[in-house]
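Letter by letter, the chains look like this.
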Amino acid sequence: MLTREQNDLLTQTGPGTPMGNLFRRYWIPALLAEEIEGNDCDPVRVQLLGERLIAFRDTEGHIGLIDEFCSHRTASLYFGRNEEGGLRCAYHGWKYDTEGNCVDMPSEPEGSKFCSKIKQRAYKAVEAGGLIWAYMGDPDREPPLPNLEWMGLDPEKRFISKRRQFSNYLQAMEGGIDSSHVSFAHRFNLDDDPLHSGTEGNKYLKSDTRPKFEVAESDGGLLIGARRNADEKNYYWRITQWMMPWYTIIPPFGDHNPMGGHAWVPIDDETCWAWSWNYHPTKDFGEREIEAFDAGDGIHVKYKPGTYDPLASAENDYLMDRAAQRRKETFSGIAGIAAQDFSLQESMGIVADRTKERLGTSDAAIILARRRLLAALDDVDSEELPGLDPAHTSVRSTSILLPRDVPFQEGAKDVLAVKPGENFYSI
Amino acid sequence: MLTREQNDLLTQTGPGTPMGNLFRRYWIPALLAEEIEGNDCDPVRVQLLGERLIAFRDTEGHIGLIDEFCSHRTASLYFGRNEEGGLRCAYHGWKYDTEGNCVDMPSEPEGSKFCSKIKQRAYKAVEAGGLIWAYMGDPDREPPLPNLEWMGLDPEKRFISKRRQFSNYLQAMEGGIDSSHVSFAHRFNLDDDPLHSGTEGNKYLKSDTRPKFEVAESDGGLLIGARRNADEKNYYWRITQWMMPWYTIIPPFGDHNPMGGHAWVPIDDETCWAWSWNYHPTKDFGEREIEAFDAGDGIHVKYKPGTYDPLASAENDYLMDRAAQRRKETFSGIAGIAAQDFSLQESMGIVADRTKERLGTSDAAIILARRRLLAALDDVDSEELPGLDPAHTSVRSTSILLPRDVPFQEGAKDVLAVKPGENFYSI
Amino acid sequence: MLTREQNDLLTQTGPGTPMGNLFRRYWIPALLAEEIEGNDCDPVRVQLLGERLIAFRDTEGHIGLIDEFCSHRTASLYFGRNEEGGLRCAYHGWKYDTEGNCVDMPSEPEGSKFCSKIKQRAYKAVEAGGLIWAYMGDPDREPPLPNLEWMGLDPEKRFISKRRQFSNYLQAMEGGIDSSHVSFAHRFNLDDDPLHSGTEGNKYLKSDTRPKFEVAESDGGLLIGARRNADEKNYYWRITQWMMPWYTIIPPFGDHNPMGGHAWVPIDDETCWAWSWNYHPTKDFGEREIEAFDAGDGIHVKYKPGTYDPLASAENDYLMDRAAQRRKETFSGIAGIAAQDFSLQESMGIVADRTKERLGTSDAAIILARRRLLAALDDVDSEELPGLDPAHTSVRSTSILLPRDVPFQEGAKDVLAVKPGENFYSI
């Protein structure tokens, strides 16, 4: 349970807010690279942390990420012409380069100096790992990019999607941190996922439905261990990670299946991007897996045509099927891992009212993640913020058997580190 | 005309408001029984007096009416599983019985006592007369159920529907209290209704279009008499009733036609349920009448498929037909008694601004009903509140000829009382 | 750039606001005459300056423009019956004449005097030039009607349309005042318009894309001159006008093409009517032109069926065609002169935030227009307000070659005056 003030602090990320200032210390997943493919591409609208922006790639291939609204008379640059080294406003022809410099002002007389006085707000944006990353903070403090394992892999070994979620980012991210709901919300769907074919781990997940949760701090965030009884000597540990400020990763069922993960990024305080990825460090995806990704299986979704909005939504009651719920095909009547999550998360209201919740021991990771975020607000200017160092995001999740007397963070330490070129370990 | 403060007092019914406290002294029509038919039925969303609730019937047939949002992390219980004696949240499996007790908490370790500390807000709900009734007030002061005549009849003798109205409850209820508009809004539709075939009363309704209204207090609310000239010796009285807190009843044209009535129940302060019933104390409905009910005739409506929302709505201009209006098939261009009323009521705005109205003598009943409601606010803790005693709702309406020198409430006294098993009197 | 206070002053026009008071000194284009055609026509809803009204024509042909909501119980008179000299409310039959007098109150007893005490708010409305004009100000100060040239022409010589714009009126009107955007937003569409076939003027427009703007005060508002180099001795001047409070006119390309113009009238502070007209003082429109008007060419639009809302809208991204933008068929990807304007204007937000703009020399006319409007607020009671005298609106626009040393307002003076029966001059 939070106070109203704490809830506001954690959920408000616009310009000038404490959490907004903190998030602006980090690189932000902004777009799929394919959204601004090719030089002089079509400009696209992007909203991040409450700021409305336009992204484009100029004639040289440089990426522009600038204020959506022209400095002149505030018309949207979405209607602009992207050509010859910059984006030209469709209203009076003012033109901006990728750094926000006004490079042409054809509505003013020859010789006018007005152009040189105009600077459109612009943020640095780079491509890495198939995504466009934005940095919206103080240019003098730009950190290195995160180093999530899939960012260094060939495209054949990763699949990344995004979907819009109609709630504040925090309740979405808390769903990613929360290992406990898997046994319930997804209970009847752990086997039928083409990306999670039956493994040893599945067996323990089903035989012990009341895992004991242990949470440990990592350099970048939290190590979350769900402990189940395996045999007399061993526990079965399913270990997920949360890395500041918004990354969560989940282990595969067996090392032949892909690792999964998410980034939970505020669009504004009422919607967020749920970024979802699968990857395998040593194996290209096969036809079966690519079909599954494209079909919106696993942690991905089917879309409303022409959008990144899920087909299942509040308006259509998330395509609720009570008969399937009764037949135990789904736990909540909603189909799909992702929709099972966001239907419940959106049902909490646009911003969940955390003054009313009653948290149990299974919520320990959520409680600690909130605490780390709130603590980071006091260190907002520090170079030591968790998650800033690329090493903090260069980590793996795992499922592993460990002797009962070995602490999970010790026993799994070796397999939680990224070893480039080597497969991960997960049963 | 009301002051702004009076208008707010009368129209705001959420938790903690004065009118909300008053309404919570009474049983509330909440659902059609068919909406939660059968043990372990699908849970359904219900909103009453601004509170969002979930209704379900458990394995034993007990009715649950509990807070929609799980005590744990505020996810909606709408997605829950209703099985084995309670409703289980789809997020982490917390399970509640019909009294709101947490009876299972599978996400917590074996032996945890946390479950016993959790109590989901729950209201008492019972089935009577084909409806589910809710009591949302102080459990120590639960009154007996109302005793509207149809509640004791066989289903073959009654038909009950509900529709959502997109306005505050008060302007809807005032339409039910207001006998005067019948001569105008419904003028061209008094004959063509299959439920109101021509009678003696119709003749007087048309020959004298300026009735004189008299209003008398009844035990439960108001007796509203519309007096028309019949012959030299007699008046024709059409007597309707309003019973606290939200019931209105209207007499049939002739004792072979059904009695009608309504309950006007706040969903929140911007929408309300208009409950509508017809019944006949001694006669099963025939095929013609059942067809008419199902077709949305009389005081019932045609629906948008899959909803309780009328097909005619603000978005489609209530299916306005100016040509029919010119041909005097309808007075306002809108078809159907119910739509004729709610189109006008919704046109006043979500909450009618009663600081701007100019009331005449024909509005006497509305004025007195408001006065009784406001007066009841001062007696909110009294056991003598009008409408609490089941006898207050066990009443009838009538149309009757009375000698000119006989006060209507005296002359009609006998026929306004319910006589079980006996037909009502109405010409 | 404006202060927040100035922006509020200029954009808020509801009852009691300073700009609302100013605008109520003028006649207001309210409806197309065809919207209330014929005596006892269907009543229609009209909203002007934030006030919701009903317009109708009575049995004698007099025009009524009265408060939408009945004085009795605030139901909408839209549902009313228009017959026998007045509009009768559908709820209880109160009837109003075109002056707002209550002329019948059938719900009250015979002999009641209540009717005579009721006065529905009513505004004077007259027909002129194919439009219904409203006067919402002090009846004692009613000015003469404006005298826009087309108001005196035969219907065959004019075409007038209206469309709803989803923004505050001011940014729409500023688009009409702004001559500079024509070279950009409409750049690729100056030739292909059937109403603007190639002329001498077009040649200069294209050869000199950086006109020099000069703005001069006129009696009614502003003369806006865009100066381009023509030859060694002459300038090519394109002169448009803004007349208080909301009229803008633009010259034809050649005197065989029609003059164009607009009125920008607040519906409320979030939407406005863009009135658009073409006319020719000496020539009936031909088949080709009428087809073009009906097709929504030029400054007119295609509509959503059954509405005055443009087919191109924010919901459908204004039917953006990036391929056409790349092929230089359109500058912004949006088709149609009107949609090119309103897409950009609506993109500024409901009310443009003028505290953020950066104005250049090409914005001089906009700056001066705002200044005249703000100055007029101080003279709101004056009989000398610009635009009140019909002579102020009896003016023309033109395109003209003038010797380089002749001030444009002097050199063009003769051709800027309306000469009834004589063609205008424009190259």
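How each quantity is defined
- All residue numbers refer to positions counted from 1 along the written sequence of the respective chain.
- Chains and ligands are labelled by the order in which they are written, letters from A for the one and numbers from 1 for the other.
- Local features in this predicted model are restricted to residues of pLDDT 70 or higher, and side-chain atom pairs are both shown and tallied only at a pLDDT of 80 or more, whereas totals for entire chains, interfaces and linings draw on every residue.
- Computation of side-chain values covers all heavy atoms of the structure but excludes hydrogens and water.
- By definition here, a salt bridge exists when the distance from a side-chain nitrogen of Lys or Arg to a carboxyl oxygen of Asp or Glu is within 4 Å.
- Every helix listed is a DSSP run of H or I at least four residues long, and every strand listed is a run of E at least two residues long, numbered separately from the N terminus.
- Burial status follows relative accessibility: with a 1.4 Å probe on protein chains alone, a residue under 20% of its type maximum counts as buried, one over 50% as exposed, and anything between as partly exposed.
- Residue contacts are counted whenever heavy atoms from the two residues lie within 4.5 Å of one another.
- Accessible-area loss on putting two parts together, using a 1.4 Å probe and summing over both, is the definition of buried area adopted here.
- Each polar contact in these results corresponds to two N or O atoms within 3.5 Å; when the atoms are within protein, one needs to be able to donate a hydrogen and the other to accept it, and residues that are neighboring in sequence are counted only if both atoms are side-chain atoms.
- Each residue gets one of three labels, nonpolar for Ala, Val, Leu, Ile, Met, Phe, Trp, Tyr, Cys and Pro, charged for Asp, Glu, Lys and Arg, and polar for the others, Gly among them.
- A least-squares fit on C-alpha atoms brings the copies together, and the residues used are those whose pLDDT is at least 70 in both copies.
- UniProt positions are given in the numbering used here, feature names are shortened, and annotations may be inferred rather than shown by experiment.
- For two strands to be treated as a pair, DSSP must find at least two bridges joining them.
- Orientation is described by lines fitted to C-alpha atoms, with helices fitted over the stretch in contact, and by angles between N-to-C directions that extend from 0 to 180 degrees.
- In what follows, roughly perpendicular refers to angles from 65 to 115 degrees, roughly parallel to angles under 35, roughly antiparallel to angles over 145, and oblique to any angle outside these ranges.
- Per residue, pLDDT measures the predictor's confidence, with a range of 0 to 100.
- By convention here, the domain bounds are inherited from an automatic or database domain assignment.

All names here are of chain A. Taken as a whole, this structure holds 93 salt bridges over all chains when the rule is applied. A salt bridge links R57 to E127; its shortest N-O distance comes to 3.0 Å. Residue R57 is located in strand β3 (residues 51-57), and its partner E127 is located in strand β9 (residues 124-128); the two are separated by 70 residues in the primary sequence. The buried category is assigned to R57, whose relative accessible area is 11%.

Here the focus is the interface of chain B and chain C. Listed by partner, the interface residues are 38 residues for chain B and 34 residues for chain C. Taken over both partners, the interface formed by chain B and chain C buries close to 3,000 Å², and the fraction arising from carbon and sulfur atoms is 49%. Of all residues in chain B, the largest losses of buried area upon contact with chain C belong to R210(B), R322(B) and R358(B), amounting jointly to 25% of the total for that side. Our enumeration of links across chain B and chain C arrives at six salt bridges. As a salt-bridge pair, D178(B) and R73(C) come within 3.8 Å of each other at their nearest N and O atoms. Between chain B and chain C we count 23 residue pairs in polar contact (both at pLDDT 80 or more) in total. The leading source of residues in the side of chain B that touches chain C is helix α9 (residues 337-347) of chain B, at four residues. Here the side of chain B that touches chain C is built from residues that sort into twelve nonpolar, 13 polar and 13 charged.

What relates the pair of chain copies is a rotation about an axis plus a shift along that axis. Aligned on chain C, chain B shows an RMSD of 0.0 Å; the corresponding rotation is 120° and the shift along the axis is 0.0 Å. Taken together, these values place the two copies in the relation of a three-fold axis. Taking the C-alpha atom as reference, chain B places E315(B) closest to the rotation axis, 10.0 Å from it.

Once that is clear, we can look at the side chain of S107(A). Within the secondary structure, S107(A) is located in the loop between β8 (102-104) and α3 (114-117). When its relative accessible area of 3% is taken as the criterion, S107(A) is described as buried. A distance of 3.1 Å separates the side chain of S107(A) from the side chain of W94(A), its partner in a polar contact. When neighbours within four sequence positions are excluded, S107(A) is seen to be in contact with H92(A), W94(A), S180(C), F184(C) and S362(C).

Here the UniProt feature "domain: Rieske" (unreviewed entry) sits at residues 27-134 of chain A. As annotated, residues 27-134 of chain A has a helix share of 4% and a strand share of 38%, and its two end C-alpha atoms lie 6 Å apart.

Turning next to the interface of chain A and chain C. Note on interface size: it is often stated as the accessible area lost on association of the parts. Facing the 34 residues of chain A at the interface are 37 residues of chain C. In total, about 3,000 Å² of surface goes out of reach between chain A and chain C, with carbon and sulfur atoms giving 49% of it. Applying the counting rule to chain A against chain C returns six salt bridges. Among the ionic pairs, D317(C) bridges to R45(A), the shortest N-O distance being 3.1 Å. Taken together, chain A and chain C are joined by 22 residue pairs in polar contact (both at pLDDT 80 or more). Considering only residue class, the side of chain A that touches chain C consists of 15 nonpolar, eight polar and eleven charged.

The side chains of a regular strand alternate, first on one face of the sheet and then on the other. Residue and element names in this part refer to chain C. For strand β14 (residues 234-243), a buried count of ten out of ten residues is recorded, marking the element as mostly surrounded by other parts of the structure. Burial along β14 is two-sided: the face carrying N234, Y236, R238, T240 and W242 and the face carrying Y235, W237, I239, Q241 and M243 are both buried. In the sheet, strand β13 (residues 221-229) pairs with β14 via nine bridges, with the strands oriented antiparallel. When the sheet's bridge partners are listed, G225 is paired in β14 with I239. Count of turn residues in the β13/β14 antiparallel hairpin: four residues. Strand direction decides the pairing type here: β14 and strand β18 (residues 398-403), joined by six bridges, are antiparallel.

All names here are of chain A. Following both chains from N to C, one finds helix α1 (residues 4-11) and helix α10 (residues 364-378) inclined at 80°, their axes separated by 10 Å at the closest point. One way to sum up the angle between α1 and α10 is to call them roughly perpendicular. The residues of α10 that touch α1, namely those facing Q6, L9 and L10, are R370, L373, L374 and L377. For the contact of α1 with α10, a count of residues per class yields five nonpolar, one polar and one charged.

In this model, chain A carries an average pLDDT of 95, and 98% of its residues clear a pLDDT of 70 or more. Among the scores for the predicted complex, ipTM is 0.95 and pTM is 0.95.

We now examine the domain arrangement of chain A. All names here are of chain A. Looking at the assigned domains, one finds that chain A contains domain 1 (27-141) and domain 2 (149-411). Put simply, the middle of domain 1 and the middle of domain 2, counted by C-alpha atoms, are 34 Å apart. With 18 residues of domain 1 in contact, the opposing surface of domain 2 contributes 18 residues. Between the two partners, domain 1 and domain 2, sit three salt bridges. Residue R141 is joined to E383 by a salt bridge in which the shortest nitrogen-to-oxygen separation is 3.6 Å. Counting every contact that joins domain 1 to domain 2 gives six residue pairs in polar contact (both at pLDDT 80 or more). Residue assignment for the side of domain 1 that touches domain 2 shows that the elements contributing at least two residues are β1 (27-32), β2 (44-48) and β10 (131-135). The element contributing the most residues to the side of domain 1 that touches domain 2 is β1, with six residues. A class-by-class count of the residues in the side of domain 1 that touches domain 2 yields eleven nonpolar, four polar and three charged.

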